[in-house]
Amino acid sequence: MDPAQTTSQEPGRDDAPRRRADARRNHDRVFAAALEVFAETGLQGTVPQVAERAEVGKATVYRSYPTKEDLVAAVVRHRMGELEQVTGPAVQEAAPARAFDAFVRALFGHLAQDRLLSQALADLRSTPYTGPLLDRLTALMEEAKAAGAVRHDADRQDLRVVLCGIALQLVNLDERNPDVWRRYGELTLLALRP
């Protein structure tokens, strides 16, 4: 046998970049699939569903994300980043009342498309990921309250119960119509008015 032929058939250093590229591609496919599956099904999404959507084996998913919780956490972090981009312009509004209203409206519009984020907001165990969002909402609410646009006794718990409770119920009702979500965003704002 020709030595050059033997060397080319044996896995070696030249295969490493290809394997890394394949692993990266698989990781990207898994993550894209997870974004879709969890947006559609929320926490009920499964690793097998993600693997099937990504057209890889479950072991490929587990190589990147050892547990479903790790995968869910990565998706929630990503969705929070997207939400930040969507709601960022609302925070730039000059008037505190308008900023709070715009943020809540943008949030409900975003949640209509994302079951997982809606559930994560209502789930106390997700606080490490959703806490910054609730912090921002609370700060905006406090500014709107100081401007007289939100009832004086409203607090973070009220915000969490009203906003997150509505979002969770819409998920439980399997409501997917963005117009319905926006309507409940308006009702949330009305519930917090003075």
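Refer to the structure presented above.
To keep things clear, this report deals only with the structure shown in the data block. (Residues numbered from 1 in each chain as written. Predicted model: local features only at pLDDT ≥ 70, side-chain atom pairs only at ≥ 80, totals over all residues. Heavy atoms only, no water.)

1. Some thoughts on the overall build of the protein chain
A tally of helices and strands in the protein chain yields ten helices and zero strands. Mapped from its N terminus to its C terminus, the protein chain presents α and β elements in the order α-α-α-α-α-α-α-α-α-α. By residue count, 39% of the 194 residues in the protein chain fall in the buried class. In the form shown here, the protein chain has an accessible surface area of approximately 10800 Å², with 52% of it arising from carbon and sulfur atoms. (Helix = DSSP H or I, 4+ residues; strand = E, 2+ residues; numbered from the N terminus. Buried < 20%, exposed > 50% of the residue type's maximum accessible area, 1.4 Å probe, protein only. Areas by Shrake-Rupley, 256 points an atom, 1.4 Å probe, with all protein chains shown as cover.)

2. Topic: the side chain of H110
Relative to the helices and strands, H110 is located in helix 6 (residues 96–111). A residue is classified by how much of its surface remains accessible, and H110, at 16% relative accessible area, is buried. When residues no more than four places from it in sequence are discounted, the contact partners of H110 are R79, E82, L83, V86 and L117. (Contact = heavy atoms within 4.5 Å.)

3. What about helix 5 (residues 68–91)?
Helix length check: helix 5 (24 residues) gives 33 Å between terminal C-alpha atoms against 34 Å at 1.5 Å per residue, within 8%. The sharpest bend along helix 5 reaches about 35 degrees and sits at Q85, with the proline P89 one to four residues further on. Among all positions of helix 5, only L71, V72, A73, A74, V75, V76, R79, M80, L83, T87, G88 and A90 are buried. (Expected span 1.5 Å × (residues − 1). Bend = angle between axes of the 7 residues up to and from the residue.)

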